[in-house]
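Listed here are the chains, written in short residue letters.
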Amino acid sequence: MRDASTVKTHKVYYDDAYAREFVGHVVSAQLQMKEAAEDGGTALLDVVLDQTAFFPEEGGQSADTGTLAGFPVRDVQIEGGEIHHFVDVSGINEDSADIFAEGAAVRGVLDWKRRFSNMQQHSGEHIFSGLVHRHFGLDNVGFHLSDREVTLDFNGVLTMEQLLAIEHEANEAVAEDVPSIITFPTKEEFDRSPCRSKLELTDNIRVVIFPGYDMCACCAPHVRHAGEIGLIKVTGVISWRGGVRVSIVCGSRALGLFDREHEIVTEAANFLTTSADNICPQLRKMKDEIRRLRAEMKDMSAGLLAAKLQAVPVDAENVLLFTEDADKKAVRDAVTSLAENHSGYCGIFTGNDADGYSFVIGSRTKDSREAMKKMTDGLHARGGGKPDMVQGSVRAAEEEIRRLF
């Protein structure tokens, strides 16, 4: 078997980012364990070909998936110019053992839906980052593209208002259907260019240009025209290491997002028996009503608690009161008042048997931590405190709690 280290894999995706299938010849194939969540530690065959259309994990973008000779490609990595395909050959048999023999021709097929989605996301990111750089002078210092998210890290602060303005302009590029132009400048040409990325590149420099919007060094496949991106949508922004991390979706992912959100809006409108544009006013009205009802319940609970306190026998030693709801401060004050007039443990439990209780227990003459220990040992309660008062929570019925005291 030839030494794969002497061979660099030809990148078919540089010739044609739209190549969905290709034929490559095996340079080397070595069986190994690749511990990854997606393959569960399955034995994978590390296959190096003379050429491939599979994009490896590189530049913040996850690797392509698909098949080689009909077997699933679980991961693709690049090292020293060699592209390694990690192929799940668990279903191979003796009759097929020579499929990946040195020099054998194998057919590769990409998961095109996934690849094209990645192309939409990455091209959208270039246009978006190019506009941020032009308008605000900020650099994209971190990019992550996976099946779950697309994030852009900028080395400065941007408001949502500013990001939405960039989003609007980026979508103008999509509407204009500007082309993507791929160039391979010399080091001198690259250094003289207004390219957004000024990485320490010396050879094999590849630059992706969206005229009027962005010019950036990049190793990934891109769409031919911006119109294929479909749509660019900002979905969130958070503070990140002195700057911001922006989340976006493009193309088919953006459509999926709008489909899900449309379902939610429609369901909410139906639930509220109103139109979609009246959902927020209705929710604000409901929120005000809930706030008013909670205030009324608080007053009623305070009155109920006061009535229960008055009904406690004067000569009772231990006093345990149970109530559905009560203000936390009112509960603590009530326990303090009970402890002044009763010699045992005084506790108020707020909640119900089904959901459990939060509690405050106090005593003027006993160590309340001993009551906490009873609750912990007998009913697996959680909490703590000081000798005069403890508080916590417990999942138990009122009858079980009363038996402890």
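We now turn to the structure provided with this report. Treat the numbers as computed from the prediction; the structure is a model and nothing was measured.

Some details on the pairing of strand β17 (residues 346–352)
Within β17, 7 of the 7 residues are buried, leaving the element largely enclosed by the surrounding structure. Bridge count for strand β16 (residues 319–323) against β17 is 5 bridges, and the pairing is parallel. Bridge pairing links Val319 to Cys346 in β17. Where the polypeptide runs from β16 across helix α7 (residues 328–341) and back to β17, its parallel neighbour, the crossover connection is right-handed. Pairing geometry for β17 and strand β18 (residues 356–362), over 7 bridges, is antiparallel. Residue pairing across strands places Gly351 opposite Tyr357, the latter belonging to β18. The hairpin formed by β17 and β18 contains 3 residues between the paired strands.

Section: the packing of aromatic side chains
A full pass over the atoms with the stated rule returns 12 aromatic pairs. For the pair Phe322 and Tyr357, a centre-to-centre distance of 5.3 Å together with 80° between the ring planes defines the contact as edge-to-face. In this pair, Phe322 is assigned in strand β16 and Tyr357 in strand β18, connecting sequence segments 35 residues apart. Neither Phe322 nor Tyr357 differs from the other in exposure class; each is buried. Each ring, one from Phe349 and one from Tyr357, has its centre 6.5 Å from the other, and the planes form 85°; the classification is edge-to-face. The residues Phe349 and Tyr357 share a single accessibility class, namely buried. Members of the aromatic cluster, connected to one another through ring pairs, are Tyr13, Tyr14, Phe55 and Phe184.

Points about the sheet that holds strand β10 (residues 150–154)
Within the open sheet, the 4 strands sit side by side as β9-β10-β15-β14. Their pairing is antiparallel. Edge positions in the open sheet fall to β9 (140–145) and β14 (232–240), since each of these has one partner strand only. Neighbour-to-neighbour, the strand axes of this sheet turn through a mean angle of 20°, independent of strand direction. On top of the sheet, helix α3 (residues 160–176) reaches β14 and β15 (243–250); it is set at about 150° to β14, its chief contact. Across the sheet, helix α5 (residues 251–272) is in contact with β9, β10, β14 and β15; its angle to β15 comes to roughly 85°.

Cut-offs and rules
- Residues numbered from 1 in each chain as written.
- Predicted model: local features only at pLDDT ≥ 70, side-chain atom pairs only at ≥ 80, totals over all residues.
- Heavy atoms only, no water.
- Buried < 20%, exposed > 50% of the residue type's maximum accessible area, 1.4 Å probe, protein only.
- Helix = DSSP H or I, 4+ residues; strand = E, 2+ residues; numbered from the N terminus.
- Pairing = 2+ DSSP bridges.
- Right-handed = clockwise from strand over helix to strand, strands pointing away.
- Phe/Tyr/Trp six-rings, centres within 6.5 Å; stacked < 30°, edge-to-face > 60°.
- Axes fitted to C-alpha atoms, helices over the stretch in contact; angles between N-to-C directions.
- Contact = heavy atoms within 4.5 Å.

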